[in-house]
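If you want the building blocks of each chain, they are given just below.
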Amino acid sequence: MAYLSLSNVSKVFGTTTAVEDFNLEVEKGEFVSFLGPSGCGKTTTLRMIGGFEMPTTGVITLDTEDITYQSPNQRNVGMVFQSYALFPNMTIGQNISFGLQARKTPEKEIKKKVDEMLGLVHLEKHIHKYPYQLSGGQQQRIALARALAINPRVLLLDEPLSALDAKIRVELRLEIRRIQQTMGITTIYVTHDQEEALMLSDRVVVMSQGRMEQIGTPAEIYNYPSTEFVAQFVGQLNILPVTQVNKKDGTCVLAGQQVKFDQSFERSISETPRLAIRPEEIQIGIGEGRNTLKGRVETVMFLGAVVRLRVDLGGVMLSADLFNERNITLPRAGDEVVISFPEHSCWLI
Amino acid sequence: MSSKQTFIQNNKRDAPRARPSSSGWRNWIVVAPFFLFTLLFIVLPSFSLLTRAFLDNNGKFTLLNFAGLFEPSILSAYWVTIRISLATAVGGGLLGFLMAYAVTVGNLPRAVRTGLMTFSGVASNFAGVPLAFAFIATLGRTGLVTLLLKSVLKINLYDQGFNLYSFWGLTLTYMFFQFPLMILVITPALDGLKKEWREASENLGASHSMYLRKVALPILLPSILGSMILLFGNSFGAYATAYSLTGGFINLVTIVIGSQIKGDILYNPGLGYALAIGMVVVMSVMMAIYYFLRRKSERWLRQ
């Protein structure tokens, strides 16, 4: 049996279904992210695991124990909030020791644990400071240390990096992953940032409108999206209208030019099939054994590591991402170009 | 002139003007009524009070007015006033806090909060003769509630020791405007308690009482203290309600000041001014205590 299990869990608020028939099994030590847009039910699901919301239906078990209706203070589950939720009237040391005091841990052990946790997040010098004296990133590290101090069975993180600026966010997510792996703690992470989810997780749960769209490793989610929603939500995707679809041969016509697509990647296809392809799969120039199309460059956008071209294939616009190099020669707007991509990189949706 | 210079000149001419900053004097005009009001009705009267407290009825310098403050009847007036103010500040403060807590942090329906806030807005301003009359009509010797209790439940309040025209009767009457005032001033502070603090506390294994003791109350303490000082001041300066209800039977400082200035038998305005200065001193002491406690309780706030 899985360490953490959610079976047929749903949550209804009034007439709104926030989470619908949610099933998930998480192994001990695993890092699972809930990824989805605002209002998709990811935070509600996390809060049900934490005990802050009671499921309308379903069962939640943790380490073979049914915790569905247990109150939050009985679950021994650590939670890190988006807004840090540090107690402003307590010093950093007092914040970290709060959960241990609630458990009536001997004073000597509390001190040892506080020092250990502060060492883990590299903030030993700040033990006597108040939260307002720390930066947002430091406060969130303390919140993490506080949640870990109680040796929780599961660590829940509710968009912990959303309130931080981009650079700190990148630093802190590395820190979170390092700490999670060091402690081997089972972790559920809620985010709407796909990069965060893909980088941190062993598995990603993509959610939409209260339902689980797909669950898989980051590579599976990105390379083999099972629904159009997942394909569009995770990463950039060209969705192009095609005609004369021949599923047997694996061919179709895109902007008057024949294209071969990946037949093996079978997904439910809509009545008017479209061709899906990631921008980074496309190259400028002819490639042997690849689909080759002619077009005209509309715009060239320099994004740093990547240069994004918008190419007009004759009424159909397509994005192509080129990796930037120092000596890269870029086409200019208006240039006629040939683009190519392998057949296994595109599929019908 | 080169074309570049021409461009710069044109550019200067065409550049959008910076948003004009409001003239300083206009802002001062807007706040001038406040300063005028402060000068006319706070600074000048205070100055007048201070100087007249040192003058006798003939306009000559004297310290007798201040010596009069130490007469037993005057000291007793201060003591009664302080006791009533403390009782209503603590009683009204606690009652108001609990009610505000129930409608903000508690899970009562939103309509209860709306109703309570509306009532508080009205009741906190209901004082003076109308309030005294309302209490006489309900809890006076022949008041509606008194008679109802007597006829229905066979309880005679006045035989049980209750007297509306006594210290506790007046305290009860003051409570009518004190607890609604507490509700009005403490509610924003209670709204400021983050839900995440309670959730984090529960998540860390704390009971609700531990959360209250270690998180919620310490965070609210500065606001509670501030509100109670406001209640103390509100009661300390009350005159019309007490006078209308007891007719001067209870020896409050405000009533003594009134009788010294109105000039019945006890006409001695100099003593009245000294009494008023004494009230300022008492309030200053209370403010100093409040300031000390607040500093102690909110070390954790950004200074």
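Residues numbered from 1 in each chain as written. Chains lettered and ligands numbered in written order. Predicted model: local features only at pLDDT ≥ 70, side-chain atom pairs only at ≥ 80, totals over all residues.

(A) Examining the overall build of chain B more closely. Within chain B, the regular secondary structure consists of 13 helices and zero strands. In chain B, the order of α-helices and β-strands from amino to carboxyl end is α-α-α-α-α-α-α-α-α-α-α-α-α. With 303 residues in all, chain B has 27% of them scored as buried. Taking the intrachain contacts of chain B between residues at least 6 apart in sequence as the baseline, contacts between residues at least 24 apart amount to 74%. (Helix = DSSP H or I, 4+ residues; strand = E, 2+ residues; numbered from the N terminus. Buried ≥ 20, exposed ≤ 12 C-beta atoms within 10 Å, placed from the backbone. Contact = placed C-beta atoms within 7 Å.)

(B) Quick look at the overall build of chain A. When its secondary structure is counted, chain A shows nine helices and 21 strands. Burial analysis of chain A (349 residues in total) assigns 40% to the buried set.

(C) Seen up close, the interface of chain B and chain A. Every contact between the two is made by 17 residues of chain B and, on the other side, 20 residues of chain A. For the side of chain B that touches chain A, the secondary structure elements donating two or more residues are helix 9 (195–203) and helix 10 (208–236) of chain B. Element by element, the count of residues in the side of chain B that touches chain A is highest for helix 9 of chain B, at six residues. Across the side of chain B that touches chain A, the residue classes break down as nine nonpolar, three polar and five charged. (Nonpolar A, V, L, I, M, F, W, Y, C, P; charged D, E, K, R; others polar.)

(D) Structural view of the packing of helix 4 (residues 72–104) of chain B against helix 8 (residues 167–191) of chain B. All names here are of chain B. Put simply, helix 4 and helix 8 touch, their axes get as near as 6 Å, and they point 45 degrees apart. By the angle between their axes, helix 4 is oblique relative to helix 8. Crossing hand, helix 4 versus helix 8: right-handed. Along the lines of polarity and charge, the residues of the contact of helix 4 with helix 8 split into 18 nonpolar, nine polar and one charged. (Axes fitted to C-alpha atoms, helices over the stretch in contact; angles between N-to-C directions. Parallel < 35°, antiparallel > 145°, perpendicular 65-115°, else oblique. Left-handed = near helix turned anticlockwise from the far one by under 90°.)

(E) Quick peek at the domain arrangement of chain A. Residues and elements named next belong to chain A. We note that the domain assignment places domain 1 (4–232) and domain 2 (236–348) within chain A. On a C-alpha basis, the centroid separation for the pair domain 1 and domain 2 is 38 Å. Considering only residue class, the side of domain 1 that touches domain 2 consists of two nonpolar, two polar and no charged. (Domains from an automatic or database assignment.)

(F) Seen up close, unusual backbone geometry. Residues and elements named next belong to chain A. Positive phi values are uncommon outside glycine, yet aspartate 63 reaches one of about 55 degrees. The topology assignment puts aspartate 63 in the loop between strand 4 (57–62) and strand 5 (65–66). Positive phi values are uncommon outside glycine, yet alanine 255 reaches one of about 50 degrees. Tracing the chain through its elements places alanine 255 in the loop between strand 13 (251–254) and strand 14 (257–260).

(G) Examining the sheet that holds strand 15 (residues 274–277) of chain A more closely. Residues and elements named next belong to chain A. Across the sheet, three strands lie side by side as 11-15-21; this open sheet has antiparallel pairing. In this open sheet, the two edge strands, each paired with only one partner strand, are strand 11 (238–241) and strand 21 (346–348). In this sheet, neighbouring strand axes are inclined to one another by 30 degrees on average, regardless of whether the strands run parallel or antiparallel. As paired strands, strand 15 and strand 21 are joined by three bridges and run antiparallel to one another. Bridge pairing links leucine 275 to leucine 348 in strand 21. (Pairing = 2+ DSSP bridges.)

(H) Structural context of the confidence of the model for chain B. All names here are of chain B. Residues at a pLDDT of 70 or more form 90% of chain B, whose mean pLDDT is 88. Model confidence for chain B, summarised as mean pLDDT per element, is weakest for helix 1 (residues 3–14) at 48 and strongest for helix 9 at 96. Predicted confidence for residues 1–11 stays below pLDDT 50, and this span has one contact to residues more than four positions away or in other chains. Complex prediction metrics read pTM 0.81 and ipTM 0.85. (pLDDT = per-residue confidence, 0-100.)

(I) View of helix 6 (residues 166–183) of chain A. All names here are of chain A. The end-to-end C-alpha separation of helix 6 is 26 Å, in line with the 26 Å expected for 18 residues at 1.5 Å each. The inward-facing, buried residues of helix 6 abut strand 3 (31–35), helix 5 (136–149), strand 8 (186–191) and helix 7 (194–200). Positioned one or two residues after helix 6, glycine 184 has a phi angle of 60 degrees, which is positive. (Expected span 1.5 Å × (residues − 1).)

(J) Region of the structure containing the nonpolar core. One finds A:Ala143, A:Ala145, A:Leu156, A:Val205, A:Val206 and A:Leu275 to be the most contacted residues of the largest nonpolar core, which totals 97 residues. In terms of residue count, the dominant contributor to this core is helix 5 of chain A (seven residues). Taken domain by domain, this core gets at least three of its residues from each of domain 1 (4–232) and domain 2 (236–348) of chain A. If sequence neighbours within four positions are ignored, A:Leu275 has contacts with A:Leu240, A:Val242, A:Cys252, A:Leu254, A:Val259, A:Phe261, A:Cys346 and A:Leu348. Grouped together as the second largest cluster of nonpolar side chains are 45 residues, B:Ala127, B:Phe135, B:Phe177 and B:Phe236 included. (Core = buried A, V, L, I, M, F, W, Y, C linked by C-beta atoms within 7 Å.)

(K) Focus on the pairing of strand 6 (residues 77–80) of chain A. Residue and element names in this part refer to chain A. Burial of strand 6 is two-sided: the residues Val77 and Met79 facing one way and the residues Gly78 and Val80 facing the other way are all buried. Two elements, strand 6 and strand 7 (residues 154–158), share four bridges in a ladder whose sense is parallel. Each residue of the ladder has a partner; that of valine 77, found in strand 7, is valine 154.

(L) Molecular detail of the environment of A:Ile110. Residues and elements named next belong to chain A. Here isoleucine 110 lies in helix 4 (residues 107–120). Here isoleucine 110 falls in the buried class, since 20 other C-beta atoms lie within 10 Å of it. Measuring from C-alpha to C-alpha, the distance between isoleucine 110 and phenylalanine 87 comes to 18 Å, with 23 residues separating the pair along the chain.

(M) Fine view of the pairing of strand 18 (residues 306–312) of chain A. Residues and elements named next belong to chain A. By the bridge criterion, six bridges tie strand 17 (residues 291–302) to strand 18 in an arrangement that is antiparallel. Within strand 18, the residue paired with valine 297 across the bridge is valine 311. Pairing between strand 18 and strand 19 (residues 317–323): seven bridges, direction antiparallel. Directly across from arginine 310, in strand 19, lies its bridge partner serine 319. In this antiparallel pair of consecutive strands, strand 18 and strand 19, the connection spans four residues, and glycine 314 shows a positive phi of 100 degrees.

(N) Highlighting the packing of helix 4 of chain B against helix 5 (residues 110–123) of chain B. Two elements in contact, helix 4 of chain B and helix 5 of chain B, have axes whose closest approach is 9 Å; the angle formed by their N-to-C orientations is 145 degrees. Between helix 4 of chain B, through B:Met99, B:Val103 and B:Thr104, and helix 5 of chain B, the contact on the second element is made entirely by B:Val112, B:Arg113 and B:Leu116.

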